[in-house]
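Close look at the chain arrangement
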Amino acid sequence: MKDVTLNREDIVRLCERVEGAQTRAYEIPKLTNEYPAMTMDDGYAVQNELRRRFIEQGHKLVGWKAGLTSRAKMKQMGVEVPSIGFLTDKMAVPEGGKISVSELVHPRVECEIAFVTSNDLEGPNCTAEQVLAATDYVLPAIEIIDSRFQKFSFDLQSVIADNGSSARFVGGGRPRYASDLDLRTLGVVMEKNGEIVEMGAGAAVMNNPAEAVAMLVNILHGLGEYLPKGSFVMSGGITAAVAVEPGDFVSARFQELGSVSVSFIE
Ligand code: OOG
Ligand code: MG
């Protein structure tokens, strides 16, 4: 990473702040209030430290997520550049499972197309074609994001440090070979408590969700990492994210891929 300006002590300090907010579910001010000169690479340095700590605590890395890859999400969050975050086994929730809102700060849900890879992928010039060739199957997913920042006021540096707001994810539906589908025209409808709240199609994500995965692989290269085969990768919210509270039931119906649902409890 070329543009790291924070020293080791500041990286650890910010990592502890983010880790506390994530694990004990409280809000924090955006990190740039205190470190206005923070760069995106500084954000990734904090995220890498968080990943290192979680793995040290026994969490298993299962994959990665691309975020802010659709216009709807960029507009909603007021940023212009995509980002990536890591996913661990502790964030996985079974299809139809229950999520306790009291463990989270500002939970919101979004529908995404997830990829499971069968070959390693490595940047710097990874393409959507290479991603599709290395994809075992795709499946529908709901991501539960949880920005830990007060009033959702964040910037890219802070959201990257907060691991792209990653909190929980649910995969489900019917896995399919990507070669049997046109991911761009694949439609999705999100329902909350039986009412349609968002809808969209795969092309909302960088014209093709496989492009978002290629971008993720290229960002990983900048972090000195590659995407190992067997990774679970979420390509980014197709629609804007929707807030949830205890008692809510959310279901995402994907054309050709079936549906995924999850409920929220106190
Ligand atoms: C950042 C995470 C964005 C997506 O799919 O676009 C994201 C946020 O909105 O808090 O996961
Ligand atoms: Mg997402």
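Throughout what follows, the structure given in this document is the object of discussion. (Residues numbered from 1 in each chain as written. Chains lettered and ligands numbered in written order. Predicted model: local features only at pLDDT ≥ 70, side-chain atom pairs only at ≥ 80, totals over all residues. Heavy atoms only, no water.)

**What to know about the sheet that holds strand 12 (residues 258-265)**
Spatially, the five strands line up as an open sheet ordered 3-12-11-7-8, and their pairing is mixed. Every interior strand has two partners, whereas the edge strands, strand 3 (98-100) and strand 8 (195-201), have only one. The average undirected angle you get between the axes of adjacent strands in this sheet is 20°. Where strand 11 (residues 249-254) lies against strand 12, six bridges are found, and the strand directions are antiparallel. (Pairing = 2+ DSSP bridges. Helix = DSSP H or I, 4+ residues; strand = E, 2+ residues; numbered from the N terminus. Axes fitted to C-alpha atoms, helices over the stretch in contact; angles between N-to-C directions.)

**A closer look at the environment of P209**
Within the secondary structure, P209 sits in helix 6 (residues 209-222). Distance from P209 to E27, taken between C-alpha atoms, is 31 Å for residues 182 residues apart in sequence. When residues no more than four places from it in sequence are discounted, the contact partners of P209 are I113, F115, L183, G202 and S235. (Contact = heavy atoms within 4.5 Å.)

**Quick look at helix 2 (residues 40-56)**
With 17 residues, helix 2 should cover 24 Å at 1.5 Å per step; its first-to-last C-alpha distance of 24 Å lies within 8% of that length. Within helix 2, 13 of the 17 residues are buried, leaving the element largely enclosed by the surrounding structure. With its phi angle positive at about 100°, G58 sits one or two positions after the end of helix 2. (Expected span 1.5 Å × (residues − 1). Buried < 20%, exposed > 50% of the residue type's maximum accessible area, 1.4 Å probe, protein only.)

**Focus on the site of ligand 1**
As a matter of local geometry, ligand 1 sits amid 16 residues, with K65, L68, E110, S165 and G237 nearest to it. One of the side-chain nitrogen or oxygen atoms of K65 is found 2.8 Å away from an oxygen atom of ligand 1. In the model, an oxygen atom of ligand 1 is placed 2.7 Å from a nitrogen or oxygen of the L68 main chain. Against a free-state accessible area of 320 Å², the protein chains account for coverage of 99% of ligand 1. (Near = heavy atom within 4 Å. Polar contact = N/O pair within 3.5 Å; in protein donor to acceptor, adjacent residues only side chain to side chain. Areas by Shrake-Rupley, 256 points an atom, 1.4 Å probe, with all protein chains shown as cover.)

**Thoughts on the coordination of the magnesium ion (ligand 2)**
The magnesium ion (ligand 2) binds to the protein through E110 (OE), E112 (OE) and E143 (OE), with metal-donor distances spanning 2.0 Å. Motif for the magnesium ion (ligand 2), donor spacing along one chain: E-x1-E-x30-E. Placement of E112 in strand 4 (residues 108-117) and of E143 in strand 5 (residues 135-145) is noted, with a sequence separation of 31 residues between them. Its relative accessible area of 0% is what places E112 among the buried residues. Overall, the relative accessible area of 1% leaves E143 in the buried class. (Donors = N, O, S within 2.8 Å, 3.2 Å for Na, K, Ca; no water.)

**Thoughts on the packing of helix 1 (residues 8-24) against helix 2**
Axis separation between helix 1 and helix 2 bottoms out at 9 Å; the angle between their running directions is 60°. Read as a crossing pair, helix 1 and helix 2 show a hand that is right-handed. Contacts between helix 1 and helix 2 involve R8, I11, V12, L14, C15, E16, V18, E19, Q22 and T23 from the first element and A45, V46, E49, L50, R52, R53 and F54 from the second. For the contact of helix 1 with helix 2, the residue count by class is nine nonpolar, two polar and six charged. (Left-handed = near helix turned anticlockwise from the far one by under 90°. Nonpolar A, V, L, I, M, F, W, Y, C, P; charged D, E, K, R; others polar.)

**Some points on the pattern of salt bridges**
Taken as a whole and judged by the stated rule, the model has 19 salt bridges. E103 is paired through a salt bridge with R168; the nearest N and O atoms lie 2.8 Å apart. Taken together, the residues span a long stretch of sequence, with E103 in the loop between strand 3 and strand 4 and R168 in strand 6 (residues 166-171) at a distance of 65 residues. Assessed through its relative accessible area of 44%, E103 is described here as partly exposed. (Salt bridge = Lys/Arg side-chain N within 4 Å of Asp/Glu carboxyl O.)

**Some remarks on the packing of aromatic side chains**
Under the criterion given, the structure shown has three aromatic pairs. Ring centres of F54 and F86 lie 6.2 Å apart, and the angle between their planes is 70°; on these two criteria the pair is classed as edge-to-face. One end of the pair, F54, is in helix 2; the other, F86, is in strand 2 (residues 83-88), and 32 residues separate them in sequence. This pair shows no difference in class: F54 is buried, exactly as F86 is. When the centroid spacing of 6.4 Å and the interplanar angle of 80° are considered together, the rings of W64 and F86 count as edge-to-face. One end of the pair, W64, is in strand 1 (residues 61-67); the other, F86, is in strand 2, and 22 residues separate them in sequence. By relative accessible area, which is 2% here, W64 ends up buried. These aromatic residues form a ring-pair network of at least three members: F54, W64 and F86. Lying across the ring of F152, R108 places its NZ or CZ 3.9 Å from the centre. (Phe/Tyr/Trp six-rings, centres within 6.5 Å; stacked < 30°, edge-to-face > 60°. Lys NZ or Arg CZ within 6 Å of the ring centre and 35° of its normal.)

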